[in-house]
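# A look at the structure
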Amino acid sequence: MAEQRIVMTEKNYEKLKQELETLIKVKRPEIIERIKEARSHGDLSENAEYDAAREEQRSNEGKIAELEYKIKYADIREEVSDTSYVHLNSVVTVYDDDMDEEVTYTITSVTEADAMNDKISVESPVGAALLRKKVGDTVKIDCPDGAYSLKIIAIK
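Here we summarise the structure given alongside this text. (Residues numbered from 1 in each chain as written. Predicted model: local features only at pLDDT ≥ 70, side-chain atom pairs only at ≥ 80, totals over all residues. Heavy atoms only, no water.)

### Remarks on the overall build of the protein
The number of helices and strands found in the protein is 3 helices and 7 strands. Seen in sequence order, the protein has helices and strands lined up from the N terminus as β-α-α-β-β-β-β-α-β-β. In summary, the protein has a C-alpha radius of gyration of 22 Å against a globular reference of 15 Å for 156 residues, an excess of more than 25%. Overall, the C-alpha framework of the protein stretches about 70 × 35 × 30 Å when taken along its three principal axes. A total of 156 residues make up the protein; the buried ones form 31% of that total. The long-range fraction of contacts in the protein, counting pairs at least 24 apart against all pairs at least 6 apart in sequence, stands at 52%. Carbon and sulfur atoms make up 49% of the accessible area of the protein, which totals about 10,000 Å². Distance from the positive charge centre (23 side chains) to the negative charge centre (34 side chains) of the protein: 5 Å. (Helix = DSSP H or I, 4+ residues; strand = E, 2+ residues; numbered from the N terminus. Rg over C-alpha atoms; globule rule 2.2 N^0.38 Å. Buried < 20%, exposed > 50% of the residue type's maximum accessible area, 1.4 Å probe, protein only. Contact = heavy atoms within 4.5 Å. Areas by Shrake-Rupley, 256 points an atom, 1.4 Å probe, with all protein chains shown as cover. Lys, Arg positive; Asp, Glu negative; His and termini not counted. Charge placed at Lys NZ, Arg CZ, Asp CG, Glu CD.)

### As for the pattern of salt bridges
Scanning all chains against the criterion turns up 10 salt bridges. Note that glutamate 56 is salt-bridged to lysine 27, the shortest N-O span being 3.7 Å. With glutamate 56 in helix α2 (residues 48-72) and lysine 27 in helix α1 (residues 10-39), this pair connects stretches of sequence that are 29 residues apart. Looking at glutamate 56, the relative accessible area reads 25%, which means it is partly exposed. (Salt bridge = Lys/Arg side-chain N within 4 Å of Asp/Glu carboxyl O.)

### A look at the packing of aromatic side chains
Two measures describe an aromatic ring pair: the distance that separates the ring centres and the angle between the ring planes. Applying the stated criterion across every chain, the model contains 1 aromatic pair. On the basis of an interplanar angle of 45° and a centroid distance of 4.8 Å, the ring pair of tyrosine 69 and tyrosine 73 is categorised as tilted. Look at tyrosine 69 and you get partly exposed, because its relative accessible area is 34%. Residue class for tyrosine 73 comes out buried when judged on its relative accessible area of 15%. (Phe/Tyr/Trp six-rings, centres within 6.5 Å; stacked < 30°, edge-to-face > 60°.)

### Section: the environment of arginine 132
For arginine 132, the position within the fold is in the loop between α3 (125-130) and β6 (138-143). For the pair formed by arginine 132 and tyrosine 85, sequence separation is 47 residues and the distance between their alpha carbons is 5.4 Å. Contacts of arginine 132, omitting those with residues within four sequence positions, involve Tyr85 and Val86.

### Focus: a negative patch on the surface
Residues Asp97, Asp98, Asp100 and Glu101 make up a contiguous surface patch of negative charge. For aspartate 98, the position within the fold is in the loop between β3 (91-96) and β4 (101-108). For aspartate 98, a relative accessible area of 60% corresponds to the exposed category. (Patch = residues over 30% accessible without salt bridge, like charges linked within 9 Å, V, L, I, M, F, W, Y side chains within 5 Å.)

### Examining the nonpolar core
Generally speaking, nonpolar side chains in soluble globular proteins are found buried as a group. Val86, Val92, Val94, Ile107, Val126, Leu130 and Ile152 are the most contacted members of the largest nonpolar core, which totals 19 residues. Listing elements by their share of this core, those giving two or more residues are β3, β4, α3, β6 and β7 (146-155). With near-sequence residues (within four places) excluded, valine 126 lies in contact with Tyr105, Ile120, Ile141, Tyr148 and Leu150. (Core = buried A, V, L, I, M, F, W, Y, C linked by side-chain atoms within 4.5 Å.)

### Section: the environment of glutamate 3
Of note, glutamate 3 is situated in the segment before β1 (6-9). Given a relative accessible area of 40%, glutamate 3 falls into the partly exposed group. Taking C-alpha positions, glutamate 3 is 31 Å from threonine 83, a pair spaced 80 residues apart along the chain. Excluding residues that lie within four positions of it along the chain, glutamate 3 makes contacts with Tyr69 and Tyr73.

And the structure:
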């Protein structure tokens, strides 16, 4: 089974590599040192400091594995400045007829998505529907509650 590629920009790819390096070369040794220190206090069965350090170690190793996966399967896309169509890093203003409102989204990679700040992934239903569309186009978004439409009114 082929692994799914993760779309991102070169800038985001480099940011992930730097974060991975920090977790491996800085945070991992710090956690190991804290575990070593906690072990020196004796009985591990009642040692909250040891338990906390081990939990942080599990969390850090999980984050390392996640970043290694994203880096390994990165599909690096060139940053495009063309505003005639929607692409990675476009800022798109759409009109939602059902809600009678305008919303502005930034189309990002999966690793940069932040729904609370209207940064949506190119792989999300809305992001995927908007890709390669132009001002004036209407896109249909299918969701569990039914479909709805968005009209593109501006691209930056």
